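Structural overview for review
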Amino acid sequence: MLDFEFSREQKMVQKTIREYSQAELAPFVKSFDKEGRIPMDVIQELADIGLLGVSISKEYGGIDADPVLVGIIAEELARGDISCAIPTFYLVEASWGHILDLYGTDAAKQAILPDVSKGTAFLGIAATEPDTGSDLGNMRTFAEKKGDKYVLRGEKMFISGIREVTQDMPKGGGYVTLVRTEPEKGTRGMSLFYVPLKDTPGITTNVLDDWGRKGISAGGFAMEDVELPEEYLIGEEGRGFYICMEGFDYARAIIGLVCCGAAMSVLEQAMDYIKMRSTFGNPIAKYQGVQFKLAEHWTKLESARLLAYKALWTYGKARESDKIGRFEVTKICAMSKLMAPILAFEAINDAVQWYGAFGYTSDSPLHLAMEGVRSYYWAEGAMEIMRIIVARELLGKEFVAYR
Ligand SMILES: Cc1cc2nc3c(=O)[nH]c(=O)nc-3n(C[C@H](O)[C@H](O)[C@H](O)COP(=O)(O)OP(=O)(O)OC[C@H]3O[C@@H](n4cnc5c(N)ncnc54)[C@H](O)[C@@H]3O)c2cc1C
């Protein structure tokens, strides 16, 4: 049977996080962005409510929520923090905490997950390199086994949370990091490691000056002969690329809800404004040129929202049974990420237009949402790569252009 209603528990979580997000995040979004960081007391609050260990198992301090519940929380956080900084902090930890929880050794999990759950350390993903992002098959970072250690060399770039890990979080943190272990085997010769950043010999970092979602940083790190215990290998050697893609699936579906949450919240704010602001003797909301756009944006966003929830539901179901294949999951998660950022950006762009010149001032916060959702045209995979994935799953792998 098909049921479009959230359960009692889901509704309760939705209501609680909505109230929290409206009261504690929405009024301060401009100041988080101006300061260029999420205040530590906010991170602590998120941890205290259980949101930072949301997809981590209870053994490591988390609450082990199912993917749909993880999505509900993401949507509500984005309704409050339309700049998407806190939702990004949340969704990166939810996706990659989940991957480490699933595939990591006890030693790697103990090294980071309890601190992620407590809000004292940050865990992110490091796949992109200075010379390659979309084409991860061409990445260069390399790990070599030496005795009971791995030695890593290479550089990661455009990585979310670098300043948080190296400067802000009391216990630092690190990254689920994709590297080559057998270069001649292509994607079958890649492995994932947990790489702690702070105070690790051989690591140097830099922070970039992004123009959006400034509450969370992005930057890079170089590894020069960084020694890691063999227990920090995540999953089997040679399986890293595929495990990493599983994490991207999860993150992409959550991003769908972050984009819809931010854009629908902006449209709601804009509805209040266009009812109040008049031109030519009428509230702007009376003009059908405005109404029709509003109706279309709302309809499209609701479709994207449903697709994102279906993607998360599918992701969860595929973990429970092998009736849903991995590629089906990858396809629907890419579909969600392909659609939501564009629809959200277009909706917010029109809402900013309805605000007139006031929309172009920093006193109106809507531009923060535009900048925030725009980051997802690249983050966790460029939009064009989402199209390649969906087309590949529809047509068959033999139709991938570069094969
Ligand atoms: C704010 C932000 C945060 C990020 N955080 C992280 C992070 O935490 N961890 C991480 O690993 N990465 C992160 N990234 C990097 C992100 O994953 C990459 O930007 C993305 O994968 C694209 O890689 P690239 O930037 O190297 O672009 P490239 O791969 O160089 O591609 C450039 C552009 O070319 C086009 N393009 C590329 N290939 C094709 C094709 N086959 N067909 C058509 N067009 C194509 C696309 O328009 C693409 O945007 C982040 C990015 C941003 C913007």
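Residues numbered from 1 in each chain as written. Predicted model: local features only at pLDDT ≥ 70, side-chain atom pairs only at ≥ 80, totals over all residues. Heavy atoms only, no water.

With that out of the way, let us pick up the nonpolar core. In terms of nonpolar packing, the biggest core is built from 125 residues, with Tyr 90, Leu 91, Leu 152, Tyr 175, Ile 254 and Leu 301 touching the most fellow members. Of all the elements, helix α8 (residues 240–276) adds the most residues to this core, at 21 residues. Sequence-distant contacts of Leu 301, defined by excluding residues within four places in its chain, comprise Cys 260, Ala 263, Met 264, Leu 267, Leu 343, Ala 344 and Ala 347. (Core = buried A, V, L, I, M, F, W, Y, C linked by side-chain atoms within 4.5 Å. Buried < 20%, exposed > 50% of the residue type's maximum accessible area, 1.4 Å probe, protein only. Helix = DSSP H or I, 4+ residues; strand = E, 2+ residues; numbered from the N terminus. Contact = heavy atoms within 4.5 Å.)

What follows covers the site of the ligand. Close to the ligand lie 20 residues; Ile 125, Ala 127, Thr 128, Ser 134 and Phe 158 are nearest. The contact in question runs from a nitrogen atom of the ligand to an N or O atom on the side chain of Thr 128, over 2.7 Å. Residue assignment for the shell around the ligand shows that the elements contributing at least two residues are β1 (122–126), β3 (149–160) and α12 (383–395). Grouping the constituent residues of the shell around the ligand by class yields 10 nonpolar, six polar and four charged. Residues from two domains meet in the shell around the ligand; each of domain 2 (123–234) and domain 3 (240–399) gives at least three. (Near = heavy atom within 4 Å. Polar contact = N/O pair within 3.5 Å; in protein donor to acceptor, adjacent residues only side chain to side chain. Nonpolar A, V, L, I, M, F, W, Y, C, P; charged D, E, K, R; others polar. Domains from an automatic or database assignment.)

Time to look at the side chain of Glu 75. Considering the arrangement of structural elements, one finds Glu 75 in helix α4 (residues 67–80). Polar contacts involving the side chain of Glu 75 include one to the side chain of Tyr 309, which spans 2.6 Å. Discounting residues that sit within four places of it in the chain, Glu 75 has contacts with Leu 257, Gly 261, Arg 305 and Tyr 309.

Right, let's get into the pattern of salt bridges. On inspection of all chains with the given rule, the structure shows 25 salt bridges. With a closest N to O distance of 3.0 Å, Glu 19 and Lys 15 form a salt bridge. Within this pair, Glu 19 and its partner Lys 15 are both found in helix α1 (residues 8–25), separated by four residues, close to a single helical turn. Residue classification places Glu 19 among the partly exposed positions, given a relative accessible area of 47%. (Salt bridge = Lys/Arg side-chain N within 4 Å of Asp/Glu carboxyl O.)

Residues that lie three or four places apart on an α-helix share one face, since the helix turns once every 3.6 residues. Helix length check: helix α10 (residues 326–354) (29 residues) gives 43 Å between terminal C-alpha atoms against 42 Å at 1.5 Å per residue, within 8%. One or two steps after α10, the chain reaches Gly 356, where phi turns positive at roughly 65°. (Expected span 1.5 Å × (residues − 1).)

What follows is about the side chain of Ser 217. Along the chain, the position of Ser 217 falls in the loop between β6 (203–207) and β7 (218–229). Using a relative accessible area of 6% as the deciding quantity, one classes Ser 217 as buried. Polar contacts involving the side chain of Ser 217 include one to the side chain of Glu 164, which spans 2.6 Å. Excluding residues that lie within four positions of it along the chain, Ser 217 makes contacts with Ile 159, Ser 160, Gly 161, Ile 162, Arg 163, Glu 164 and Val 207.

With 37 residues, α8 extends 54 Å from end C-alpha to end C-alpha; this agrees with the ideal 54 Å at 1.5 Å per step. Across the 37 residues of α8, 29 count as buried, placing the element largely inside the fold.

The subject of this paragraph is a nonpolar patch on the surface. Nonpolar side chains collect at one region of the surface, where Leu 2, Phe 4 and Leu 306 lie side by side and expose about 390 Å² of accessible area between them. Tracing the backbone shows Leu 306 in helix α9 (residues 288–320). (Patch = residues over 30% accessible without salt bridge, like charges linked within 9 Å, V, L, I, M, F, W, Y side chains within 5 Å. Areas by Shrake-Rupley, 256 points an atom, 1.4 Å probe, with all protein chains shown as cover.)

We now examine unusual backbone geometry. Its identity as a non-glycine residue notwithstanding, Phe 158 has a phi of 65°, on the positive side. Structurally, Phe 158 can be placed in strand β3. Classification of Phe 158 as exposed rests on a relative accessible area of 53%.

Our focus in this paragraph is the domain arrangement of the protein chain. Think of interface size as the accessible area that goes away when the parts come together; that is how it is often given. In terms of domains, the protein chain is made up of domain 1 (8–122), domain 2 (123–234) and domain 3 (240–399). Computed from C-alpha atoms alone, the centre-to-centre distance between domain 1 and domain 3 is 20 Å. Contacts between the two partners involve 28 residues from domain 1 and, on the opposite side, 34 residues from domain 3. Of the roughly 2,600 Å² buried between domain 1 and domain 3 on both sides combined, carbon and sulfur atoms contribute 67%. (Buried area = accessible area lost by both parts, 1.4 Å probe.)

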